[in-house]
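Single-letter residue listing:
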Amino acid sequence: MSEPQHIVDQQTGTPTGAARQVPDKVSLDGVEDRWDTAWTAQGLYAFDRSKERAQVYSIDTPPPTVSGSLHVGHVFSYTHTDVVARYRRMQGAEVFYPMGWDDNGLPTERRVQNYYGVRCDPSLPYDADFTPPFEGTDGKTIKAADQVPISRRNFVELCERLTVEDERQFEALWRRLGLSVDWSMTYQTISAEARAVAQQAFLRNLARGEAYQAEAPGLWDVTFQTAVAQAELEARDYPGAYHRVAFHGAGDATVFIETTRPELLPACVALIAHPDDERYQHLFGTTVTSPLFGVELPVLAHPAAEQDKGAGIAMCCTFGDLTDVQWWRELQLPTRSVVGRDGRLLRDTPEWLSGAGAELYAEQLAGKTTFSAREAVVAGLRASGDLDGEPVSTQRKANFYEKGDKPLEIVTSRQWYIRNGGRDEELRAALLARGAELGFHPEFMAVRYENWVGGLNGDWLISRQRFFGVPFPVWYALDEHGEPDHANPLVPTEDQLPVDPSSDVPAGYTADQRGVPGGFVGDPDIMDTWATSSLTPQIAGGWRSDPDLFARVFPMDLRPQGQDIIRTWLFSTVVRSHLEHGSLPWSDAAISGWILDPDRKKMSKSKGNVVTPMGLLEEHGSDAVRYWAASARLGTDAAFEVGQMKIGRRLAIKVLNASKFALSFGDVQLDPTLVTVALDRAMLAGLADVVDRATAALEGYDHTRALELSETFFWTFCDDYLELVKDRAYGEGAGADSARAALGLALDTLLRLFAPVLPFATEEVWSWWREGSVHRAPWPLAEPLRAAAGDADPSAVAAAGAALAALRKVKSEAKVSMRTPILAVTLAVPAALRANVEQALDDVRAAGRAEGTLELVESDGESVVARDAELGEPVARG
RNA sequence: GGGCGAUUGGCUCAGUGGUAGAGCGCCUCGUUCACACCGAGGAGGUCACUGGUUCGAACCCAGUAUCGCCCACCA
């Protein structure tokens, strides 16, 4: 098998040029590196920015967190996206497929701290000659006290230095996997461009009144010491205990409440019961006195109090939970906070305490953790007799920051918000309408969006009290007392962005006025990571710096992402786009499922069942891993299954071998008019159906169905059709020409059908006999195949295959080789199949080595059965 | 408590009104000239359960159970 193939492409009428060659021995070894190099050299996936919006298919790729590691789930979902990208490219679209790296946020902040032994202190000036004290500490954590404080700009520089290596490794993995990304278009979420985009979008939100600051009680993480948004909450089980505590009313009256947080007793502002609750009617409007602290408190009615919860009457503290906030707000209760931002009780004794209560606070509670304070208060209550019975332990749900490990406290602070419909029915309705407008794949994922938007209980909190990230681009004028004027922030112009208010100076001020009365002060906070990530279409598409590009790619076509971040990434991106552009950011969202380990648990790094993606690709081959990923539908959780990868590998190898075989019979003319034999036409008719159905499936974001259709056809093509026609194809004359042309047309079509899922194997085969890349070849059309097939019945291949299978079965049951000739046999054929079997009888005879008498009789069975077979001796190879 | 998905052969999954499907695994066979990273043949399921609609239900409706997830639930 070393004859060069001479091939004429009937679509262009030109010979395909260079005498290409089918190798003697085919293999998948090394295809990934070879083709990645070739594709890069050819600029095969380079985005052509001369194309208009209508010709472009743009993808808002999720930027992976570079300080984490990529795992199997990433490989899974990014493959789904790549299949779409490759399909659209073959459909003629100019695919805009950039890759971003998320290096903004806590994971990177922590990694830089530990790796270089530094921490960010925005109050420090930039040091151009700074050298970090460490360079890589083998994962050992450097204690905060030993970390060198550096400016934000120095910190960002270290981040960029550290993430370069991560990004190189990520890109290597994606290249190996065969993602058809344009690698000249990568972005970083902490880059100057991304910071400028985030600040510009914010300033526009501010100018339109969509961003605002408010001082209000909010959820607070005491470990990270930052405010936390609703979207970052996680309800977890948390052990607690009910304490039954006595409050004292007029005379001997005693009211018992139950609480899991007795340490908040000094922060109590009222007792509250349901207005209909018979038990407490007589107390409404009266006052009681708190135990230990002796504070006089009103007993109030509010419908949010639940009669069957605890004692039915609650102590309202500022603040124990969000219900407290509601009561505080709606009943206009005083603020008596005792828990500080560090999670400890305030050092100073609260002014509303006096006498024994103040003493108790100063001696036992001040500066204590909530845990120690609780012990002290319980001990006090026990001593004073105000604890009724012993605490009863319970499992309660508490809100946690998703990255934190202590329950959130509620702390009053000044924060920035962006309106997201959480407080505004009109905006909420508009955003729900945007969700309805968006094409979710699968559709049921839309419910997640609706549930989330419908359940919002406040605007989007975007400020964080961290140091590394995109700073708010605002300053505040200081009055003569040095008090900042928060109501009238000083803002930069858009062309000044990005700014860092901790080192840059607002217009009309000089640097020496920073922090002095009559001068100015920079906003100390940074934006939530989602405030930047919600702008990935604007960052990747050049909204700020390249309006020409932006006009060609936005609104985008596709947002691929995980189901877990619908409430964060997807929703926040919709909010920003709705506010800034008055449109959806993309028309469709493809939601991938989870990868489950064999125990049906979500696969996670922490479980120690890490399989490195690169290891998988090296072991099974990229096409095989892609096959596994593509075998799972969008939105459906998939098992991590090595078996499926082996099947994928087998398929890729089969593509190589079957192609080699199909090209081995002599010259291939891709000329539909040569296809004259009924069986060949029937095969092409079946393939035309596959093309139609696979195309429809891909249009509906169902890559799994498309793959399954192509794969099923392909195996029948190999097992039956190739066997049936090979003798004829080896020969000469019209029958041989017909077989060869049909084989060529089928192979040409099948390679293109498989190209999105198996980019390496198909490109390998394509290079043997066709010009250019299969990945820039047009997606196959059914029409030319159907024209070649005429009115052939596609089921004729199956009928002939059934006849062949019947002959094989005779040999299999006789336990002889398939090469054994059949001297005489009777084929009982169901009437419905008879015409098709007769038509292909010569091919059946040849493939089944039925060299002697072959009698066809009609049967009323359902399948073809071979009877009365006489077998000869196996023929030795000649 | 509200919601979304799932439940089909040992495993992983297709199948949305017309007599149960695929691959893997299993059994048997075959050194076949494209392929042993192979090929051929075969066994294996009352489609979670209970009702209902229908000439007919894996599929439609109602309900139950189990599993997964989202949201709510901090007195």
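Residues numbered from 1 in each chain as written. Chains lettered and ligands numbered in written order. Predicted model: local features only at pLDDT ≥ 70, side-chain atom pairs only at ≥ 80, totals over all residues. Heavy atoms only, no water.

Asker: So what's going on with the pairing of strand E16 (residues 313–317)? Which residues, and what values?
Answerer: Counting buried positions along E16 gives four out of five residues, so the element sits mostly inside the fold. Taken together, the five bridges between strand E13 (residues 268–273) and E16 define a ladder with antiparallel strand orientation. Among the inter-strand pairings, Ala273 is bridged to a residue of E16, identified as Ile313. (Buried < 20%, exposed > 50% of the residue type's maximum accessible area, 1.4 Å probe, protein only. Helix = DSSP H or I, 4+ residues; strand = E, 2+ residues; numbered from the N terminus. Pairing = 2+ DSSP bridges.)

Asker: Provide a residue-level description of the packing of aromatic side chains, including the pertinent values.
Answerer: When we look at a pair of aromatic rings, we describe it by the centre distance and by the angle of the planes. In this structure the tally under the stated criterion is 30 aromatic pairs. Taking 5.1 Å as the distance between ring centres and 55° as the angle between the ring planes, the aromatic pair formed by Phe155 and Phe468 counts as tilted. With Phe155 in helix H4 (residues 152–177) and Phe468 in the loop between strand E21 (463–464) and strand E22 (475–477), the pair connects residues that are 313 residues apart, well separated along the chain. Exposure remark for Phe155: the relative accessible area of 0% places this residue in the buried category. With a centroid separation of 5.7 Å and an interplanar angle of 65°, the aromatic rings of Tyr238 and Phe400 are classed as edge-to-face. In this pair, Tyr238 is assigned in strand E11 (residues 233–248) and Phe400 in strand E17 (residues 392–401), connecting sequence segments 162 residues apart. Given a relative accessible area of 26%, Tyr238 falls into the partly exposed group. You can call Phe400 buried: its relative accessible area is 3%. Every member of this aromatic cluster is reached through a ring pair, and the members are Phe713, Phe714, Trp715, Phe717, Tyr721 and Phe754. When the ring centre of Trp39 is taken as reference, the NZ or CZ atom of Arg86 above it lies at 5.3 Å. Positioned above the aromatic ring of Trp769, the side-chain terminus of Arg770 is 5.2 Å from the ring centre. (Phe/Tyr/Trp six-rings, centres within 6.5 Å; stacked < 30°, edge-to-face > 60°. Lys NZ or Arg CZ within 6 Å of the ring centre and 35° of its normal.)

Asker: Break down the environment of Asp277 for me, with residues and values.
Answerer: As for its placement among the helices and strands, Asp277 is situated in the loop between E13 and strand E14 (287–289). Given a relative accessible area of 2%, Asp277 falls into the buried group. Measuring from C-alpha to C-alpha, the distance between Asp277 and Pro303 comes to 9.7 Å, with 26 residues separating the pair along the chain. Other than its neighbours up to four places away in sequence, Asp277 contacts Gln307 and Gly312. (Contact = heavy atoms within 4.5 Å.)

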